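# Fold and contact review
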Amino acid sequence: MCGIVGYIGHRKAYPIVINGLKRLEYRGYDSAGVAIANGSMNVIKKQGKVIELENEAKNHNTHGTICIGHTRWATHGEPSDRNSHPHASNSGKIVLIHNGIIENYDTIKAELIGRGYVFHSDTDTEVLVNLIEDIKIKNDISIGRAVQLALTQIIGAYAIAVYDTDRKEELVVAKLGSPLAIGIGENFSEYFIGSDASPFIEYTKNAIYLEDGEMAVIKPNEEIKVRKIQDGTITESYIQELELNLEQIEKGGYDHFMIKEIHEQPEAVADTLRGKVNLKDSKISISGIRDNIERFKNANRIIIVGCGTSWHAGLVAEYLFEDLARIPVEVEYGSEFRYRNPIITEKDIVIAISQSGETADTLAAIKMAKEKGAFVYGVCNVVGSTIARETDAGTYTHAGPEIGVASTKAFTTQITVLAMMAIKLGQENGALSKSRVKELLKDLQEIPKKIEETLKSEEAIKEIAKVYKDSPNFLYLGRGYNFPSALEGALKLKEISYIHAEGYPAAEMKHGPIALIDEKMPVVVIATKKGYYEKILSNVQELKARKGKIIAVVNKGDTAIRAIADHCIEMPQVAEELSTIISTIPLQLLSYHIAIMRGCNVDQPRNLAKSVTVE
Ligand code: AGP
């Protein structure tokens, strides 16, 4: 949930780290801090966003070639200066930054207090740094060894960086359950660390992603050796060549990451399709499916697990897999699935959907499913993320980094991957004819262009946003493939504009929610031509009869809905199976513009963080 950054080498370290923290703020922004080694250990930390820290640092000495930094999303201890990281040990010699949760911190804290340690914060992290100091002093060992022994006593999750003024030319890093990337400079002359690669991408494209239970003592001009925390043995780790480049990170001329990412969707979906769809031969090549095709063909059931927007993508996938591949599917919230003791067999396939690849509830659900013998397939966006590495196989969405907390291009690329998987499986098990496959692949190939076309309605959507930006409630309705799109539209509005919104299957209105309809209730209705159009039309008439304000997402050229709706947003015609990818675009734009007009922070909405790596 937090972001960690570090540098050790020959450059001025502070500018690299403070810049890196700004790029990681999407992971949490309650407080931020840095520790700079310049003779002694200079710790500067501040509640609030990184800019607060930067302003405070102007009054301090920020020289030095070693620096670690942290941006926090509070789990233990409310956001405050004293609870900010880095945390120093009682002697002040050791400083530590931590992303994760230590579940047994209270027992360890009690023992340390019993041995005379004092604590200046309410955090679990301060316990860890003093446990390391205690072990180091008692055994008279190096910081690397002390960290290793301390971590064997820890229950929980962590990505940490530790600096000890007694070992001036090294940084210790370790990982379990939270992400940690190590950027490697030319000839190992310098090292960077980050919760992802964005803090160091302009310096090096070579990185190692530590696996769970691994650590390293990093020294400039020495080749990194990754070890197992459990017994200190050296492990094989491979240096990845990263695809990320800087302008993908920066806002690229847009006001916010979210609107940039909404407009990136044509390219993102094209990247997702690239190299997988061969229209001429009606072929789809997805290596994760190809390498496990028999397992998929013999599967009893597919269980899809995800949270939030990824769970909505799972609902779309349920329609896709059952409709196109005739495979029974159920969709589960990660947080519910992990605790309800489900019946899972070796003949079940679990598909875990996650943009960040770090969502704790989804990760825990995967681990539980694997323990019960299921084969787990991942659909993730972050290369090298924990979920990507925990699953047995998978497909990356290749949406590029999604910085805005509200998921947009991740959702449309997830559905693109899931649609390709469903078509592929329908082709393999004979559920789809050759001509049907050809038709679907042609529609799929046209999606990027159709997203471009749909984005052109942004100005019209802005006008609608002006009318309804102060509405206290919204309803979103859809049927079939577009019921999940209605849920997703409601979530987008809630999380960035703080307006209450609910998504419903349109036919459900008569079972209660229609009592809410009056002239103050805007109702967004997705009314695509091929999606039970006549049924939706009568739903809209029922709403109109009760003075509801209708904002309808319709296909180009629609007349019947247009005649009764208060506002229409046009989208191009597309195969109903793929219509969610298109119908979600106007809903993303509507929520973005309403949120902007309400002065909300769309990239970092209150109370939220980009990846929820704690329960
Ligand atoms: C969606 O806009 C939210 N940011 C949130 O619901 C998110 O989809 C959820 O936390 C799951 O995240 P993941 O896809 O990274 O696992």
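Residues numbered from 1 in each chain as written. Predicted model: local features only at pLDDT ≥ 70, side-chain atom pairs only at ≥ 80, totals over all residues. Heavy atoms only, no water.

## Quick notes on the site of the ligand
The cut-off we apply is this: It suffices for a single heavy atom of a residue to lie within 4 Å of a molecule or strand for the residue to be listed as near it. Here a polar contact is taken to be a pair of N or O atoms separated by no more than 3.5 Å, where protein atoms must pair a possible hydrogen donor with a possible acceptor and residues adjacent in sequence count only if both atoms sit in side chains. Every accessible area reported is derived by Shrake-Rupley at a probe size of 1.4 Å, with residue values counting cover from the shown protein chains alone. Segments assigned H or I by DSSP are reported as helices when at least four residues long, segments assigned E as strands when at least two residues long, and all are numbered from the N terminus. In this count, Pro and Cys sit with the nonpolar residues alongside Ala, Val, Leu, Ile, Met, Phe, Trp and Tyr, while Asp, Glu, Lys and Arg are called charged and the others, Gly among them, polar.
The ligand sits among 15 residues. The nearest are Ser310, Ser354, Ser356, Thr359 and Glu495. At 2.7 Å, a side-chain N or O of Ser354 approaches an oxygen atom of the ligand. One of the side-chain nitrogen or oxygen atoms of Glu495 is found 2.4 Å away from an oxygen atom of the ligand. For the ligand, whose unbound accessible area comes to 400 Å², protein coverage reaches 91%. Secondary-structure elements contributing two or more residues to the shell around the ligand are helix H11 (308-324) and helix H18 (483-497). Tallied by class, residues from the shell around the ligand come to 5 nonpolar, 8 polar and 2 charged.

## Considering the sheet that holds strand S6 (residues 94-102)
Inclusion rule: Between any two strands, at least two bridges found by DSSP are needed for them to pair. Residues count as neighbours in contact if any of their non-hydrogen atoms are within 4.5 Å of one another. Convention adopted: a line fitted to C-alpha atoms gives each axis, helices being fitted over their contacting stretch, and angles between N-to-C directions are expressed from 0 to 180 degrees.
Taken in spatial order, the 6 strands make up an open sheet running S5-S6-S7-S8-S12-S13, and their pairing is antiparallel. The open sheet has two edge strands with one neighbour each: strand S5 (87-88) and strand S13 (226-228). Bridge analysis of strand S7 (residues 156-164) against strand S8 (residues 171-176) gives 4 bridges, and the strand direction is antiparallel. Its bridge partner being in S8, Ala161 is matched across the sheet by Val173. Against the sheet, helix H4 (residues 124-139) touches S5, S6 and S7, its axis set at about 130° to S6.

## A few points about the packing of helix H3 (residues 105-114) against H4
To keep it simple, the criterion reads: Here roughly perpendicular refers to angles of 65 to 115 degrees, roughly parallel to angles under 35, roughly antiparallel to angles over 145, and oblique to all remaining angles. Left-handed describes a crossing in which the near helix is turned anticlockwise from the far one by less than a right angle; the clockwise case is right-handed.
Running from N to C, H3 and H4 cross one another at 50°; their axes reach a closest spacing of 9 Å. Considering the angle they form, H3 stands oblique to H4. In this structure, the crossing between H3 and H4 has a hand that is left-handed. In this structure, H3 contributes Tyr105, Ile108, Lys109 and Leu112 to the contact, and H4 contributes Asp124, Val127, Asn130, Leu131 and Asp134. For the contact of H3 with H4, the class distribution of residues is 5 nonpolar, 1 polar and 3 charged.

## Quick word on the nonpolar core
Under the convention used in this document: To qualify as a nonpolar core, a set must consist of buried Ala, Val, Leu, Ile, Met, Phe, Trp, Tyr and Cys residues joined through side-chain atoms within 4.5 Å. Per-residue accessibility, obtained with a 1.4 Å probe over protein chains only, is compared with the maximum for each type, and a residue is labelled buried under 20%, exposed over 50%, and partly exposed between these values.
The biggest cluster of nonpolar side chains holds 87 residues, and the ones touching the most others in it are Phe321, Ile351, Tyr377, Leu418, Met421, Phe474 and Tyr476. Residue contributions to this core peak at 10 residues, all from helix H15 (residues 409-428). Residues within four places of Ile351 in sequence aside, it is in contact with Ile302, Ile303, Ile304, Val305, Phe321, Tyr377, Val379, Leu418 and Met421. Grouped together as the second largest cluster of nonpolar side chains are 27 residues, Ile94, Tyr105, Leu151 and Ala174 included.

## Examining the side chain of Glu458
Using the following cut-off: Residues scored as positive are Lys and Arg, those scored as negative are Asp and Glu, and His as well as the terminal groups of each chain are ignored. Within this document, salt bridges are pairs made up of a side-chain nitrogen of Lys or Arg and a carboxyl oxygen of Asp or Glu, the two lying within 4 Å of each other.
Looking at where Glu458 falls in the secondary structure, it is placed in helix H17 (residues 458-468). Buried within the structure, Glu458 lacks any salt-bridge partner; its nearest side chain of opposite charge belongs to Lys462, at an N-O separation of 5.8 Å. Here Glu458 is in contact with Ile259, His263, Leu589 and His593, once residues within four sequence places are set aside.

## Describing the pairing of strand S4 (residues 66-72)
Within S4, 7 of the 7 residues are buried, which leaves the element mostly enclosed by the surrounding structure. Side chains Ile66, Ile68, His70 and Arg72 of S4 all project onto a buried face; the interleaved residues Cys67, Gly69 and Thr71 project onto the opposite face, where all are buried too. Of the pairings in the sheet, the one linking strand S1 (residues 3-8) to S4 comprises 6 bridges and is antiparallel in character. Residue pairing in the sheet places Gly6 in a bridge with Ile68 of S4. Pairing analysis gives 7 bridges linking strand S2 (residues 31-38) to S4, with the strands arranged antiparallel. Opposite Gly33, over in S4, you have His70 as the bridge partner.

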